[in-house]
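# Breakdown of the fold
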Amino acid sequence: MPNITKITTQKKRKDRYNIFVDEKYAFSVDEEVLLKYQLKKGTELDDLLLAEIQFHDDIQKAFTDALHYLSYRMRSESEIRLYLKKKDTEEPIIKEAIYKLYSFNYLDDLEFAKAYVRTHVNGGNKGPTTLKLELKEKGITEKLVLEAMKEYPFDLQIEHARKLAGKSIKKEKNISERALRQKVEQTLLRKGFPREVILEALEDVTVEKDEDEQWDSLCHHAQKLERRYKNLESFEHDQKMKQALYRKGFPIELIERYLSGPDLD
């Protein structure tokens, strides 16, 4: 039966040890495995013991890899599993490594989900629908997602939606009042805010434009359309202009005013 004849510490990894059998390098193990199996010079190694040592060393490697991955930020169990799979770790090893992470309280999907929500709530740029989807993509169960979303109360959702709406309005100058409202609503929907939040938020945000602003916006678009329809006969020109400007959200009375001529300047 082969015996361990020498044990040395690895140069780059002080927590791993090289095992020599019959004066030749045989394998390496983590310090925890070395201590668990009390490996030392003279230890006899049979096939069963070698298999056990290899299995537990693979678990420790996966555990160490997961800890390294966790050192950057909190992770969900699903993220850890995916990370280890990409490193070609076998499923039984992943299962044991995950169990060990839980036993040391390195994994907690509920705390991860809560922290994730809090982080994005502080940023204020995502609505609850987006956060729910992102958590589910990270493997968080529906039950834990609902629990974590308590970190994002309804009043705070409205406040964030209101701020984002205000920023969106400031960016848009030459569009109609109707188009502006639609664009703001679409922006908030894309950010993940539900309609009930959007409707309440917009009650406190001024989307309406005064008549002069509406007129300036209409003239801006009308002048571009004039170049497109300049070669049409008068009737067809006016019909095309009306249709195009109305689709852009301008009220018919302002369109008629523009086409009547006196206020063209």
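The sections below set out a description of the structure shown in this document. (Residues numbered from 1 in each chain as written. Predicted model: local features only at pLDDT ≥ 70, side-chain atom pairs only at ≥ 80, totals over all residues. Heavy atoms only, no water.)

### Some words on the pattern of salt bridges
Applying the stated criterion across every chain, the model contains 15 salt bridges. Here K100 makes a salt bridge to E32, at a shortest N to O gap of 2.4 Å. Of this pair, K100 sits in helix α4 (residues 91-103) while E32 sits in helix α1 (residues 31-36), placing them 68 residues apart in sequence. Here K242 makes a salt bridge to E256, at a shortest N to O gap of 3.2 Å. Of the two residues, K242 is situated in helix α12 (residues 234-247) and E256 in helix α13 (residues 252-260); the sequence distance between them amounts to 14 residues. Salt bridges here are not isolated pairs; linked through shared partners, they connect R16, D57 and K61. (Salt bridge = Lys/Arg side-chain N within 4 Å of Asp/Glu carboxyl O. Helix = DSSP H or I, 4+ residues; strand = E, 2+ residues; numbered from the N terminus.)

### Quick word on a positive patch on the surface
There is a patch of like positive charges on the surface, built from K224, R227, R228, K230, K240, R247 and K248. Residue assignment for the positive patch shows that the elements contributing at least two residues are α11 (211-229) and α12. Its location among the elements puts K248 in the loop between α12 and α13. Given the relative accessible area of 33%, K248 is considered partly exposed. (Patch = residues over 30% accessible without salt bridge, like charges linked within 9 Å, V, L, I, M, F, W, Y side chains within 5 Å. Areas by Shrake-Rupley, 256 points an atom, 1.4 Å probe, with all protein chains shown as cover. Lys, Arg positive; Asp, Glu negative; His and termini not counted. Charge placed at Lys NZ, Arg CZ, Asp CG, Glu CD. Buried < 20%, exposed > 50% of the residue type's maximum accessible area, 1.4 Å probe, protein only.)

### Points about the environment of I19
Among the structural elements, I19 can be located in strand β2 (residues 16-21). For I19, a relative accessible area of 0% corresponds to the buried category. Placed 169 residues apart in sequence, I19 and L188 show a C-alpha to C-alpha distance of 61 Å. If we skip the residues at most four places from it in the chain, I19 touches I4, K6, I7, K24, Y25, A26, F27, V29 and L34. (Contact = heavy atoms within 4.5 Å.)

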